[in-house]
Amino acid sequence: IIAKTEQERIDMARNHSGTHLLQSALQQVLGKHVTQAGSLVSPDRLRFDFSHPKALTPDQIQSVETKVNEFVMKNMPVIIEEKSYDEAIAEGAMALFTEKYENKVRVVKITDGARVDSIELCGGTHVERTGDIGLFLITNESAISSGVRRIEAVTGNLALAKAQALKLITNQIANTYKISVPDIPSRMEQLTTQLQ
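Scope of this entry: the structure provided in the associated data block.

A short note on the nonpolar core
Inference 1: Formed by 26 residues in total, the largest nonpolar core has its most connected members in Leu-21, Leu-22, Leu-26, Phe-50, Val-68, Phe-136 and Ile-151.
Inference 2: When residues no more than four places from it in sequence are discounted, the contact partners of Leu-26 are Gly-31, Val-34, Phe-48, Phe-50, Leu-56, Val-64 and Ile-151.

Overview of the sheet that holds strand β5 (residues 116-121)
Inference 1: Read from one edge of the open sheet, three strands run β3-β4-β5, paired in antiparallel fashion. Every other strand in the sheet has two partners, leaving β3 (78-84) and β5 as the edge strands with one partner each. Taking each pair of neighbouring strands and ignoring which way they run, the sheet shows an average axis angle of 25°.
Inference 2: In this sheet, β5 lies alongside strand β4 (residues 104-111) in antiparallel orientation, the contact comprising five bridges. Bridging across to β5, Ile-110 finds its partner in Ser-118.
Inference 3: Relative to the sheet, helix α1 (residues 6-30) contacts β4 and β5, its axis offset from that of β5 by approximately 120°.

So, the sheet that holds strand β2 (residues 45-51)
Inference 1: Strand order in the open sheet formed by four strands is β1-β2-β7-β6, with antiparallel pairing between adjacent strands. The open sheet is flanked by β1 (36-42) and β6 (136-145), the only strands paired with a single partner. The mean angle between the axes of side-by-side strands here comes to 15°, regardless of whether they run parallel or antiparallel.
Inference 2: As paired strands, β2 and strand β7 (residues 148-155) are joined by six bridges and run antiparallel to one another. Note on β7: the bridge partner recorded for Phe-48 is Ile-151.
Inference 3: Along the sheet face, α1 touches β1, β2, β6 and β7 and points at about 30° away from the line of β2.
Inference 4: Across the sheet, helix α4 (residues 156-177) touches β6 and β7, and the angle it forms with β7 is around 90°.

Concerning the pattern of salt bridges
Inference 1: In total, this model carries ten salt bridges according to the counting rule given.
Inference 2: Put simply, Arg-9 and Glu-6 hold a salt bridge, and the shortest N to O gap is 3.2 Å. Pair noted here: Arg-9 and Glu-6 are both in helix α1, with a separation of three residues, about one helical turn.
Inference 3: Judged by relative accessible area, Arg-9 falls into the partly exposed class, the value being 35%.
Inference 4: According to the relative accessible area criterion, Glu-6 is partly exposed, its value standing at 48%.
Inference 5: As a salt-bridge pair, Arg-14 and Asp-11 come within 3.2 Å of each other at their nearest N and O atoms. Note that Arg-14 and Asp-11 are positioned in helix α1 at a spacing of three residues, about one turn of the helix. Taken as a pair, Arg-14 and Asp-11 share a single burial class, namely buried.
Inference 6: Through salt bridges that share partners, Glu-81, Lys-83 and Glu-91 make up one connected network.

Cut-off values and rules
Residues numbered from 1 in each chain as written. Predicted model: local features only at pLDDT ≥ 70, side-chain atom pairs only at ≥ 80, totals over all residues. Heavy atoms only, no water. Core = buried A, V, L, I, M, F, W, Y, C linked by side-chain atoms within 4.5 Å. Buried < 20%, exposed > 50% of the residue type's maximum accessible area, 1.4 Å probe, protein only. Contact = heavy atoms within 4.5 Å. Pairing = 2+ DSSP bridges. Helix = DSSP H or I, 4+ residues; strand = E, 2+ residues; numbered from the N terminus. Axes fitted to C-alpha atoms, helices over the stretch in contact; angles between N-to-C directions. Salt bridge = Lys/Arg side-chain N within 4 Å of Asp/Glu carboxyl O.

Listed below in structure tokens is the structure:
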């Protein structure tokens, strides 16, 4: 996907850097067995496919989302360097082993200086610092084949708009039933039981 405007380029950069942080967060929450099985980066969303044997629990999804936002709020620099393939792999760079790489590769490293949170071979557009991503919000988690899961997410202004829309909906439900927002799940359960 090619950005048509400067705003689309900025949004794609946010989403692209977001996929790198997402992979790091998934490995920290689920384990090092998580590897990329595909991705899509567009101005309005990101999609990340990864190896994992079962659906993520709501707590795991929340932990991954929280971890990515922690990376974002650290405002770490996104360092882009050209190196030889062998040197990059020796430094721990992740590569898609289904791809063929030239001897010179582009390495994208995101680090807080104390430790590396993400280092990958990548030719895409990225933000300068993780704080440029803004908010990171997971919108869906699903299976696409046996042993492969998919996470869809939004960043920046689109994530903020999505969060505000969800807040509006929950407030409307709370006002309709004259309850507080945290009481919505138990009230919905109570209504479902009464309707059965």
